[in-house]
Amino acid sequence: MAPRTTFEELPPRVRAAIAFHTGRIHRADPVSSGLNSQLAVRLRCEAGDVHVKGIRSDHERVWTQRREAEVNPFLKGISPELLWREEVDGWDVLGFDFVSGHHADYRPGSQDLLCVADLLTRLGEVELPSIELREAGQRLGNYVSDRSQLELFEGDSLLHTDLNNENVLVQDGHAYLVDWAWATRGAPWLDAGYWVMWLLAAGKHTVEQAEGWARRIPSWEAATPTALNAFASANARMWREIGGAQPDAWTSRLVRASRDWSAYRQKLVEK
């Protein structure tokens, strides 16, 4: 992603289009999390705080804005509400209801874990919308040991697929999923599977504990041992490739977590 643009650096027409929705803007605070946006700010406004994210219309990832705008109406109570969208003067900008919560704490003993389990349960109840979505196999097609395994990931469920704790906000005991750029269609249990890896990456969870949290999500029951083994192995290969010879500290956590999960699943097969 290109370097971040500040609110003050936006063209005047873009700032005016935003102010049309927000009223007088008192302050613009940069938001550091999230990698898909060139603009990410919290605006303190006359009409209340709003989270604004944007990207230039000629950017190769401008499709992420469209995906978020299209999926949001189906995510009531699951994602912050999209209040408006503006496409003006070379920018595509989204304004969301601001959630003042904290990023979910995935460490053992955290009260946030129950909130996230509830969130993924509620997401599993959402009917698949009739919009363009990536297919689960597209993400893992190059990492399975046999292309026939991709059928194990197919399904008609709406998935987030990036359970990084920075994409989960918890406010007053209610969890929200943000950043839906990678919204995907696939098997209902896949988000629970992605969560297992992020729980392991948070440190101190055993694989048994991480899978125990996943089992709290009803969709997990649809995952066969064969499917889980294939999914864990594919993710281990993917993160090993992403990490390369010298992964940074952030990537190393995912390389290690996915490797440990895959090894655990393989030992179950060998028993």
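Refer to the structure printed above.
Asks: So what exactly am I meant to see when it comes to the overall build of the protein here?
Replies: Counting its secondary structure elements, the protein contains 8 helices and 11 strands. Taken over C-alpha atoms, the radius of gyration comes to 19 Å for the protein, in line with the 18 Å a tight globule of 271 residues would show. Dimensions of the protein, computed from the C-alpha atoms along their principal axes, are close to 65 × 40 × 35 Å. Within the protein, buried positions represent 52% of all 271 residues. In the protein, once contacts between residues fewer than 6 apart in sequence are set aside, the share between residues at least 24 apart is 68%. Carbon and sulfur atoms provide 47% of the accessible area of the protein, an area that totals close to 13200 Å². For the protein, the distance from the average position of its 31 positive side-chain charges to the average position of its 38 negative side-chain charges is 5 Å.

Asks: When you look at the sheet that holds strand β11 (residues 184–186) in this model, what are you seeing that I'm missing?
Replies: Spatial strand order, β7-β11-β8: 3 strands in an open sheet with mixed pairing. Both edges of this open sheet fall to β7 (134–135) and β8 (157–159), since each of them pairs with a single strand only. Across 3 bridges, β8 lies against β11 in antiparallel orientation. Considered in β11, the bridge of L159 is made with T184.

Asks: Which parts of the structure should I look at to understand empty space enclosed by the protein?
Replies: A water-sized probe, rolled over the atoms, reveals where empty space remains. Evaluated as defined, the whole model comprises 3 cavities of 30 Å³ or more. One number sums up the size of the largest cavity: a volume of about 90 Å³. If you go around the largest cavity, the residues you meet are L120, L123, G124, S157, L158, L159, P188, D191, A192, I217 and S219. At the level of secondary structure, the elements contributing two or more residues to the lining of the largest cavity comprise α3 (112–123), β8 and α5 (190–201). When residues of the lining of the largest cavity are assigned to their parent elements, the largest contribution, 3 residues, is made by β8. Along the lines of polarity and charge, the residues of the lining of the largest cavity split into 7 nonpolar, 3 polar and 1 charged.

Asks: What exactly am I supposed to notice about the pattern of salt bridges here?
Replies: Oppositely charged side chains may form a pair once their charged atoms are brought near each other. Taken as a whole and assessed by the stated rule, the structure comprises 15 salt bridges. Connected through shared salt-bridge partners, R27, D29, R42, R44 and D49 make up one network.

Asks: In this structure, what is going on with the sheet that holds strand β6 (residues 102–103)? I would like to understand it.
Replies: Paired through their backbone hydrogen bonds, the strands of a sheet run either parallel or antiparallel. Strands sit in the order β6-β9-β10 across an open sheet of 3 strands; the sheet is antiparallel. A strand with exactly one partner marks an edge of an open sheet, and here the two such strands are β6 and β10 (174–177). The pairing of strand β9 (residues 168–171) with β10 spans 4 bridges and is antiparallel. Paired with Q171 across the strands is H174, a residue of β10. The sheet contacts of α3 involve β6, β9 and β10, and relative to β10 the element is tilted by about 55°.

Asks: Just checking my understanding: could you explain the packing of α3 against α5 for this structure?
Replies: Angle between the axes and distance between the axes: these two values describe a pair of packed helices. In contact at an axis separation of 11 Å, α3 and α5 are set at 160° when each is read in the N-to-C sense. Viewed along their axes, α3 and α5 adopt a mutual orientation that is roughly antiparallel. Here the hand of the crossing between α3 and α5 comes out right-handed. Contacts between α3 and α5 involve L113, V116, A117, L120 and L123 from the first element and D191, W195 and L199 from the second.

Asks: Looking at this structure, I do not really get the nonpolar core. What am I missing?
Replies: As a rule of thumb, soluble globular proteins bury nonpolar side chains together. If you look at the biggest cluster of nonpolar residues, it comprises 60 residues, and the most contacted ones within it are Y106, F153, W180, W189, L190, W195 and W261. For this core, the element with the highest residue contribution is α5, accounting for 10 residues. Excluding residues that lie within four positions of it along the chain, L190 makes contacts with A136, F153, L159 and F231. Residues F7, L43, C45 and W84 belong to the second largest nonpolar core, which totals 16 residues.

Asks: What's the story with unusual backbone geometry in this structure? I'm lost.
Replies: Most peptide bonds adopt trans geometry, and most residues besides glycine take a negative phi value. Of note in this structure, D89 is not a glycine but carries a positive phi near 50°. Following the sequence through the fold, D89 ends up in the loop between β4 (82–88) and β5 (91–97). Residue D89 is classed as partly exposed on the basis of its relative accessible area of 37%. The backbone of D172 sits at a positive phi, close to 55°, despite the residue not being glycine. As for its placement among the helices and strands, D172 is situated in the loop between β9 and β10. Residue classification places D172 among the exposed residues on the basis of a relative accessible area of 79%.

Asks: For this particular structure, what's the right way to read helix α2 (residues 63–71)?
Replies: What sets the pattern is the α-helix's 3.6 residues per turn: residues three or four places apart point alike. Counting buried positions along α2 gives 7 out of 9 residues, so the element sits mostly inside the fold. Within α2, burial applies to W63, T64, Q65, R67, E68, A69 and V71. Taken together, the buried residues of α2 touch β3 (50–56), β4, β5, β7 and β8.

Scoring rules and cut-offs
Residues numbered from 1 in each chain as written. Predicted model: local features only at pLDDT ≥ 70, side-chain atom pairs only at ≥ 80, totals over all residues. Heavy atoms only, no water. Helix = DSSP H or I, 4+ residues; strand = E, 2+ residues; numbered from the N terminus. Rg over C-alpha atoms; globule rule 2.2 N^0.38 Å. Buried < 20%, exposed > 50% of the residue type's maximum accessible area, 1.4 Å probe, protein only. Contact = heavy atoms within 4.5 Å. Areas by Shrake-Rupley, 256 points an atom, 1.4 Å probe, with all protein chains shown as cover. Lys, Arg positive; Asp, Glu negative; His and termini not counted. Charge placed at Lys NZ, Arg CZ, Asp CG, Glu CD. Pairing = 2+ DSSP bridges. 1 Å grid on protein atoms, 1.4 Å probe; cavity = no way out; pocket = protein on both sides within 12 Å on 5 of 7 lines; lining within 4 Å. Points joined across faces, edges and corners; volume = space filled by probe spheres on them. Nonpolar A, V, L, I, M, F, W, Y, C, P; charged D, E, K, R; others polar. Salt bridge = Lys/Arg side-chain N within 4 Å of Asp/Glu carboxyl O. Axes fitted to C-alpha atoms, helices over the stretch in contact; angles between N-to-C directions. Parallel < 35°, antiparallel > 145°, perpendicular 65-115°, else oblique. Left-handed = near helix turned anticlockwise from the far one by under 90°. Core = buried A, V, L, I, M, F, W, Y, C linked by side-chain atoms within 4.5 Å.

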